[in-house]
Every structure is written in structure tokens, then in C-alpha cells.
Amino acid sequence: MFKAMKIPRKLGLSFLTICATAAIVMLVFFTSISSIRGATDQNNLSQSIHAKALALETALLRQNSQFRGFLVTADESYLKSYNEGRDDYDKTSAELEEILVDPKQEEALLKSREETLAWRKNWGDRLIEKVKAGQRDAAEADVRAAGKAVLTSAAVLPLREIKEAQTKLIEENGASQETALKTALVVLVIGAIALIGISITLAMLLTRMIARPVSGLTRTMADLAAGKNDIAVPDTDRGDELGDM
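Below: a short report on this structure. (Residues numbered from 1 in each chain as written. Predicted model: local features only at pLDDT ≥ 70, side-chain atom pairs only at ≥ 80, totals over all residues. Heavy atoms only, no water.)

Let us look at helix H4 (residues 136-146). All of the buried residues in H4 are Ala-139, Glu-140, Val-143 and Ala-146. All buried residues of H4 project into a common sector of 125 degrees when viewed along the axis, lining one side. Seen from the buried face of H4, the exposed residues on the opposite side, beyond 90 degrees, are Asp-137, Arg-144 and Ala-145. Just beyond H4, the residue with positive phi is Gly-147, at close to 65 degrees. (Buried < 20%, exposed > 50% of the residue type's maximum accessible area, 1.4 Å probe, protein only. Helix = DSSP H or I, 4+ residues; strand = E, 2+ residues; numbered from the N terminus. Arc of directions from axis to C-beta.)

This paragraph deals with the side chain of Ser-93. Considering the arrangement of structural elements, one finds Ser-93 in helix H2 (residues 76-99). Leaving out residues up to four positions away in the same chain, Ser-93 has contacts with Leu-56, Leu-109 and Arg-113. (Contact = heavy atoms within 4.5 Å.)

Here we take up the side chain of Thr-92. The topology assignment puts Thr-92 in helix H2. Look at Thr-92 and you get buried, because its relative accessible area is 14%. Among the polar contacts listed, one links the side chain of Thr-92 to the backbone oxygen of Asp-88, at a separation of 2.8 Å. Sequence-distant contacts of Thr-92, defined by excluding residues within four places in its chain, comprise Lys-52, Ala-55 and Leu-56. (Polar contact = N/O pair within 3.5 Å; in protein donor to acceptor, adjacent residues only side chain to side chain.)

Counted at 1.5 Å a residue, the expected span for helix H3 (residues 103-132) with its 30 residues is 44 Å, and the 41 Å between its end C-alpha atoms agrees. In the structure, H3 departs most strongly from a straight axis at Arg-120, where the bend amounts to approximately 50 degrees. Within the span of H3, buried status applies to Gln-105, Ala-108, Leu-109, Ser-112, Thr-116, Trp-119, Arg-120, Trp-123, Gly-124, Leu-127, Ile-128 and Val-131. The backbone nitrogen of Lys-104 lies 2.8 Å from a side-chain oxygen of the residue at the head of H3, namely Asp-102. In the segment just after H3, Gly-134 is the residue with positive phi, at about 85 degrees. (Expected span 1.5 Å × (residues − 1). Bend = angle between axes of the 7 residues up to and from the residue.)

Before going further, it helps to examine the packing of H3 against H4. Viewed as axis vectors pointing N to C, H3 and H4 meet at an angle of 150 degrees, and their least axial separation amounts to 7 Å. The angle between H3 and H4 places the two elements in the roughly antiparallel class. Regarding H3 and H4, the two cross each other, and that crossing is right-handed. Contacts between H3 and H4 involve Trp-123, Arg-126, Leu-127, Lys-130 and Val-131 from the first element and Arg-136, Ala-138, Ala-139, Asp-142, Val-143 and Ala-146 from the second. Residues of the contact of H3 with H4, tallied by class, amount to seven nonpolar, no polar and four charged. (Axes fitted to C-alpha atoms, helices over the stretch in contact; angles between N-to-C directions. Parallel < 35°, antiparallel > 145°, perpendicular 65-115°, else oblique. Left-handed = near helix turned anticlockwise from the far one by under 90°. Nonpolar A, V, L, I, M, F, W, Y, C, P; charged D, E, K, R; others polar.)

Further remarks concern the packing of aromatic side chains. In this structure the tally under the stated criterion is two aromatic pairs. Centroid distance Phe-67 to Trp-119: 5.5 Å. Interplanar angle 85 degrees. Geometry classified as edge-to-face. One end of the pair, Phe-67, is in helix H1 (residues 7-73); the other, Trp-119, is in helix H3, with 52 residues separating them in the sequence. There is no split in this pair, since Phe-67 and Trp-119 are both buried. Centroid distance Tyr-82 to Trp-119: 6.5 Å. Interplanar angle 40 degrees. Geometry classified as tilted. Remark: Trp-119 occurs in helix H3 and Tyr-82 occurs in helix H2; sequence separation between them is 37 residues. Of the residues examined, Tyr-82 reaches a relative accessible area of 1% and is grouped as buried. Put simply, the rings of Phe-67, Tyr-82 and Trp-119 touch in pairs and so form one group of aromatic residues. Between Arg-126 and the ring centre of Trp-123, over which it is positioned, the NZ or CZ distance is 5.5 Å. (Phe/Tyr/Trp six-rings, centres within 6.5 Å; stacked < 30°, edge-to-face > 60°. Lys NZ or Arg CZ within 6 Å of the ring centre and 35° of its normal.)

Right, dumping it as C-alpha cells:
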């Protein structure tokens, strides 16, 4: 069938085969690159959420430690750090709420915020005002009597749930990136080998079906021009231009 085709069609079909193979390789390679990009974007988001959750936990612990420092010493410098920790928490909490997409993690964040505000109202801010009013001994007595109730654990634990979930996602996204990268490399290697193989095969095929017969026909025409009319003319059964010639 290929032999009977006209020469332009042979050349066109050969070129189309190479282009189609290259297009398939490029499509699969592009899909792999898109997967890598998607996993990278998700990984960046997970890392950002994890970092903000860690910053919230740090801000909470800072408030707690500075509150206790002020309670013991009544040194105003502790209040400056306490207020900075409070502002950092409020700012980072609002930022984290904007980028969270998982309802359970949003619920955990709101739970942490609720517990934080309750801790400030019942312990941090209230006892700080008590110390400022000259009732440091009474404030310290309240802390001793409260036991674990004065701790920030209820506000910290929901943040750790968020961090653990994001750590798991980071690991999964990393595995997806690795898989997509390996796929892209395999496709690139196999595609290159396939293109080279197809190109060589078509080159040999076209050489055998077009270039060699043209050379043979040239010799035959030279013999005819020289007056050798008793020679056998090859390829008269071909259905293409060479057969016509």
C-alpha cells in the first residue's frame, strides 16, 4: 500500500508520523510537568499553613511565659512581649483562616482562637490587671489554685492537629512530585528513543522506496540515451510517479 502511494503522500505521511509521535510525547511530558507543578503548589500551601500554625503555637506559648514572668516580677518589659505575642497570634490567625480549605482544620483554628480569647479573659489579661492594681500576691494565689486550668493546652492542641494534617499532606505531595518527575524522565527518554527509531526507519524506508529507484531510473535513462534499447526497465509496476516515468 505504501509503495503504491504517490511520492508527495509518502513524504507527507512520513512527516505526519514523526509529528504525531512528537506530539504524543510532548502531551504526556506536559501532563507530567503539570502534575509536578500542581504538587509543588499544594506543597507550598501546606508548608505555609504548617508555618502559620507553628507561629500561632509559638505566639501562645510566648503570651503564657511572659504573663507568668510579669506575674512573678511585675516588670513592665514582660508586658511588651506579652502584647506582641497577642498581636502576632491575632494577625496570623486571620491570615491562616483565609488560606485554610479543609473544614475540619478551619474548625480546629476557630477552636484554638476561642480557647485563646477565653484564656486571655479568664487568666492572662485579668491577672495582669490584678498585678497592675498592686494585688500580685492575690494573682499568684489564683494561678496556684487554678492548677492546669491556667495552661494554654486547650488552645495549643487544635493547632497541633492542623500541623499534623499538613505534615501528612507535605509527605504525600512530595511523593506525588517524585512520581511525576520519574514519569516525565521516562517519557522523555522513551520519546526520544521512539522519535530517533521512527526517523531512522522512515529514512531507510524512503531511501529504499524513492532514492534508490530514482538512482536506478537515472542509470536506465542514461542507457536509453546511449541507444541501448534492449534493456529491462525496472519498477514499471509501481503506482507512483517513478512507475509512470
